Amino acid sequence: MQSLLVANRGEIARRIIRSARELGLRTVAVYSEADSGSAHVADADTAVPIGPAPARDSYLDGARVIDAARTAGANAVHPGYGFLSENAEFAEAVEAAGLIWIGPHPDSLRAMGDKQRAREIAERAGVPVVPGSRRFAIGDIQDLDRAAAVIDYPLLVKASAGGGGIGMRRVDGPESLEKTVTATQSMAQKAFGDGTVFLERFVPKARHVEIQVFGFGDGTAIHLFERDCSVQRRFQKVIEESPAPGLPPETRDAMAEAALALCKETEYRGAGTIEFIVDADSFEFFFLEMNTRIQVEHPVTEMIVDRDLVAMQIDLARGALTGIDQAEIEMHGHAIECRLYAENPTKMFMPSPGPLDVFDLPEAGEDLRIESGYRAGDVVTTYYDPMLAKLIVHGPDRMAACEAALAALRAVRVEGIHTNRDFLIACLEDAGFRSGAVYTGFVDDNVKRLTAAKG
Amino acid sequence: MPTIDVKTDITGNVWKIEAEIGQALSEDDPIMILESMKMEIPVASPEDGTLVEILVSPEDVVTEGTVVARIEV
């Protein structure tokens, strides 16, 4: 491997270019018409245009990306996150073109991209999944009580054909079970033309905790501890941290063990993340999904274990990674990442594209990482996601990290568009957050208070 | 009958038009859907009325405060 093409844009493209350069590789950027003047283009040794602004015509067009690699003489492709990173056909096309794919085996991308298959693989590996029942076609209520008792209450009746919260009803005890199931069956029949339902455990107060793994492709793997990503708005993470506050050590160990079992089962190769729902009260945990790529929040892990995950990905792909022993991975202190978004928290977090007339970020240092694809004077377009920057801090403990994050956020100055800076500050100052009582409903339940400050 | 302007709250691209000229609309009925930063955001009718004018087409770029349609109330 001599030359690496980054099939992405923004902060992650810059971050990959940085590690690739440190490893002595020539770097190639790709860019859409909207990004010709972007920082990631300036950072790379060479940059190749790949089409119009809409992502489907540029960053999502695998054939154009592979052509760009040929044009620029790159012999490896790093996909970053999003765009083509979990696209098995693209990974295969990269390899078929004689290029090195810096990512998991395409079969892993395919298997984990299919929720039902992923659940089956997890079960086979002995990883706990959310308890669920068999399917009950319309009119079928046979042994319903017994199925519910196995799952336990509260539970959800879910329409098989539903999704995104539609066709879903909560049942708190056996007395209303049959009535709710029949009602959901008939509602689903009308709404989706399929009255089949199933029962699933409901976790009223859930946390989102994920385990960072790194597989060597031969059935061996290591984990790099957890990240708590419970603070979310519109199912998007806004604050991530490690270690997860208040998570009992035995829960963390059990989650890490489950994550490693899944890596072993799939002979997983490279960086990956296994997401779990954790019951905030009982600490019971269930497999949610596996992300087969580097994640947005990977710097949180890098800060506490002092490793470069992107360099590890590149080294593994070029056969230069010497085996890492689990015992070598140690956790130090506490890290927090805050995602600065171009959005208006006082208007239900609606996107706020526009010119960055002022864009001052604090200066990075040993315990403060700043990752951004933007500079003052750039325009945030409507074509891509609204993330402006990630601020990642490290401290000896959680309180110190909170204070460092607050100091970093207070040094952020953006004019020209709305941002969620004040919302992030309100979260970090919130007594509930400070106590470590985070859960996925935290933002929704406190949204008025958290967005009271001007955006 | 008075005509009122329907403005967008956000900057984005027009993705698709959901209503037709002459159509009776209730408050909050979607007139069109914008796309911005990977989100789909509907532009809804501010009041009950009849759609009399659509001022944009799919793929147009609109900025916050742009008048995109008019309704008669």
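The shown structure was predicted, so the numbers you read here are calculated from the model rather than taken from an experiment.

Digging into the overall build of chain A
- Counting its regular elements, chain A contains 16 helices and 22 strands.
- Radius of gyration (C-alpha) of chain A: 23 Å, near the 23 Å computed for a compact globule of 455 residues.
- Within chain A, the fraction of its 455 residues that count as buried is 57%.
- Within chain A, residue pairs in contact and separated by at least 24 positions form 66% of the contacts whose partners lie at least 6 positions apart.
- Of the accessible surface of chain A, which amounts to about 18,200 Å², a share of 49% is contributed by carbon and sulfur atoms.

Things to note about the sheet that holds strand β4 (residues 30-36) of chain B
All names here are of chain B.
- Ordered in space as β5-β4-β2-β7, the 4 strands form an open sheet in which the pairing is antiparallel. Across the chains shown, the open sheet's two edge strands, defined by having one partner strand only, are β5 (39-44) and β7 (61-62).
- Relative to β5, β4 is paired through 6 bridges, and the arrangement is antiparallel. Looking at β5, one finds that M32 is bridged to V43.

Re the packing of aromatic side chains
Residues and elements named next belong to chain A.
- In the structure shown here, the tally under the stated rule is 8 aromatic pairs over all chains.
- Pairing Y383 with Y384 gives two aromatic rings, centres 6.2 Å apart and planes at 50°, and the pair type is tilted.
- Relative to F442, the ring of F433 lies with its centre 6.4 Å away and its plane at 50°, an arrangement referred to as tilted.
- Exposure remark for F442: the relative accessible area of 1% places this residue in the buried category.
- What links up through ring pairs into an aromatic cluster is the set Y59, F83, Y383 and Y384.
- Positioned above the aromatic ring of Y439 is the side chain of K205, whose terminal nitrogen or guanidinium carbon lies 4.8 Å from the ring centre.

A few points about the sheet that holds strand β3 (residues 24-25) of chain B
Residues and elements named next belong to chain B.
- On the basis of which strands lie adjacent, the open sheet formed by 4 strands has the order β1-β8-β6-β3 and antiparallel pairing. The open sheet has two edge strands, β1 (3-7) and β3, and neither has a second partner.
- For strand β6 (residues 49-54) and strand β8 (residues 67-72), the ladder comprises 4 bridges, and the chain directions are antiparallel. Bridging from a neighbouring strand, L51 pairs with I71 of β8.

Focus on the domain arrangement of chain A
- One can read the domain layout of chain A as domain 1 (3-102), domain 2 (144-201) and domain 3 (206-450).
- Its C-alpha centre places domain 1 of chain A at a distance of 45 Å from the equivalent point of domain 2 of chain A.

A word on helix α3 (residues 62-72) of chain A
Residues and elements named next belong to chain A.
- For α3, the set of buried residues is G62, V65, I66, A68, A69 and A72. Seen along its axis, α3 keeps its buried residues to an arc of 155°; they face one direction. Along α3, the residues that are exposed and aim more than 90 degrees away from the buried face are A63, R70 and T71.
- Next to the buried residues of α3 lie β1 (3-6), β2 (26-31), β3 (46-49) and α4 (88-96).
- Just past α3, the residue G73 takes up positive phi, approximately 70°.

Considering the side chain of N13 of chain B
- Along the chain, the position of N13 of chain B falls in strand β2 (residues 12-17).
- Its relative accessible area of 9% is what places N13 of chain B among the buried residues.
- Here the side chain of N13 of chain B touches T382 of chain A through a polar contact of 2.6 Å, side chain to side chain.
- Setting aside anything within four residues of it in sequence, one finds N13 of chain B in contact with T382 and Y383 of chain A together with I33, L34, E35, E59, D60 and V61 of chain B.

Let's talk about the environment of T251 of chain A
Residues and elements named next belong to chain A.
- Relative to the helices and strands, T251 is located in helix α9 (residues 249-266).
- For T251, a relative accessible area of 9% corresponds to the buried category.
- Distance in space between the C-alpha atoms of T251 and L450 is 30 Å, their sequence separation being 199 residues.
- If we ignore the near neighbours within four places in the chain, the residues touching T251 are F283 and F285.

Describing the interface of chain B and chain A
- Facing 11 residues of chain B, the contacting portion of chain A comprises 14 residues.
- Between chain B and chain A, roughly 1,100 Å² of surface is buried when both sides are summed, and carbon and sulfur atoms account for 63% of that area.
- Our count for the contact surface shared by chain B and chain A stands at 1 salt bridge.
- The residue E64 of chain B makes a salt bridge to K347 of chain A at a minimum N-O spacing of 3.7 Å.
- Elements represented by at least two residues in the side of chain B that touches chain A include exactly β2 and β5 of chain B.
- Here the side of chain B that touches chain A is built from residues that sort into 4 nonpolar, 4 polar and 3 charged.

Describing the pattern of salt bridges
All names here are of chain A.
- Evaluation of the coordinates by the stated rule reveals 46 salt bridges over all chains.
- Here E371 ties to R369 by a salt bridge, and the two come within 2.9 Å at their closest N and O atoms. The pair E371 / R369 is uniform in exposure class, with both members buried.
- What you see here is one network of salt bridges that share partners, running through E210, R227, K237, E240, E275, E297, E337 and R339.

Structural notes on helix α6 (residues 115-124) of chain A
Residues and elements named next belong to chain A.
- Here α6 has its buried residues at A118, I121 and A122. All buried residues of α6 project into a common sector of 100° when viewed along the axis, lining one side.
- Residue D114 occupies the N-cap position of α6, its side-chain oxygen lying 3.1 Å from the main-chain nitrogen of Q116.
- The first or second residue beyond α6 is G126, which carries a positive phi of 80°.

Conventions we followed
Residues numbered from 1 in each chain as written. Chains lettered and ligands numbered in written order. Predicted model: local features only at pLDDT ≥ 70, side-chain atom pairs only at ≥ 80, totals over all residues. Heavy atoms only, no water. Helix = DSSP H or I, 4+ residues; strand = E, 2+ residues; numbered from the N terminus. Rg over C-alpha atoms; globule rule 2.2 N^0.38 Å. Buried < 20%, exposed > 50% of the residue type's maximum accessible area, 1.4 Å probe, protein only. Contact = heavy atoms within 4.5 Å. Areas by Shrake-Rupley, 256 points an atom, 1.4 Å probe, with all protein chains shown as cover. Pairing = 2+ DSSP bridges. Phe/Tyr/Trp six-rings, centres within 6.5 Å; stacked < 30°, edge-to-face > 60°. Lys NZ or Arg CZ within 6 Å of the ring centre and 35° of its normal. Domains from an automatic or database assignment. Arc of directions from axis to C-beta. Polar contact = N/O pair within 3.5 Å; in protein donor to acceptor, adjacent residues only side chain to side chain. Buried area = accessible area lost by both parts, 1.4 Å probe. Salt bridge = Lys/Arg side-chain N within 4 Å of Asp/Glu carboxyl O. Nonpolar A, V, L, I, M, F, W, Y, C, P; charged D, E, K, R; others polar.

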